[in-house]
Amino acid sequence: MSNVKLSKAKIAIIVVAAVIFALLAAGGIYCVATDQSPANAISAATAHQDKLVGKWQSQKSPGLSAYVFYDDGTYDSYLSTVNFSGEYTVKGNKITLTNPNTSGEVVYKYKVKGKVLTLTLIEDGKESDSNTYDSVDELKMKTLADLIGDSVKDSNTTTTKAE
């Protein structure tokens, strides 16, 4: 076998081509492993980075339920003023919330449209309850006493209107 000397330019071209090939192969392997098309993989990454990250307050129960998703893959969940923290992963249109203390997982189908996040709980492979959340700059959580007070006020207003 004879020694072939390559110029620095040819070596650079071979290295660049090898890097491009490796990146394409890794992307293809990722798409096969996660069972999604390359377009969905790019869309999921964009949704994770640009759309999902932020503060979300419940439309149905403002002050009672909220989420904060951080760009490092962690989240905070609020029920009134009680906070739960964990990690999340996004695959396609599904988000998995994991509590590292208990290893418990909750899976949602999610959609971000404008400034509204919809989370649909997935249990045993079936979709169930859906909740919507508004994107907010600041969470306005209420204490349990505030929520009970609001409920009493609503009850009194309904009773007064009915009379």
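Residues numbered from 1 in each chain as written. Predicted model: local features only at pLDDT ≥ 70, side-chain atom pairs only at ≥ 80, totals over all residues. Heavy atoms only, no water.

1. Looking at the overall build of the protein
- Broken down by element type, the protein carries three helices and eight strands.
- Relative to its full complement of 163 residues, the protein shows a buried share of 25%. (Helix = DSSP H or I, 4+ residues; strand = E, 2+ residues; numbered from the N terminus. Buried < 20%, exposed > 50% of the residue type's maximum accessible area, 1.4 Å probe, protein only.)

2. What about the confidence of the model for the protein?
- With 69% of its residues at a pLDDT of at least 70, the protein reaches an overall mean of 80.
- Element-level mean pLDDT values for the protein span from 59 in helix α2 (residues 38-52) up to 95 in strand β1 (residues 54-58). (pLDDT = per-residue confidence, 0-100.)

3. A few points about the packing of aromatic side chains
- Inspection of every chain in the model, using the stated rule, returns four aromatic pairs.
- Taken together, a centroid distance of 5.6 Å and an interplanar angle of 10° make the contact between Y67 and F69 stacked. Pair check on accessibility: Y67 and F69 agree, each one buried.
- A centroid spacing of 5.5 Å and a plane angle of 75° characterise the contact between Y67 and Y133, whose relative ring orientation is edge-to-face. Within this pair, whereas Y67 is found in strand β2 (residues 65-69), its partner Y133 is found in strand β8 (residues 126-136), the two being separated by 66 residues in sequence. The pair formed by Y67 and Y133 is uniform in burial state, with each residue classed as buried. (Phe/Tyr/Trp six-rings, centres within 6.5 Å; stacked < 30°, edge-to-face > 60°.)

4. Section: the layout of surface pockets
- For the second largest pocket, the calculated volume is near 180 Å³.
- As for the second largest pocket, its lining consists of Y67, Y75, S77, F84, L97, T98, N99, G104, E105, V106 and Y108.
- Mapped onto the lining of the second largest pocket, the elements with two or more residues apiece are β3 (74-79), β5 (94-99) and β6 (104-113).
- When residues in the lining of the second largest pocket are grouped by element, the largest group, four residues, is from β6.
- The class makeup of the residues in the lining of the second largest pocket is six nonpolar, four polar and one charged. (1 Å grid on protein atoms, 1.4 Å probe; cavity = no way out; pocket = protein on both sides within 12 Å on 5 of 7 lines; lining within 4 Å. Points joined across faces, edges and corners; volume = space filled by probe spheres on them. Nonpolar A, V, L, I, M, F, W, Y, C, P; charged D, E, K, R; others polar.)

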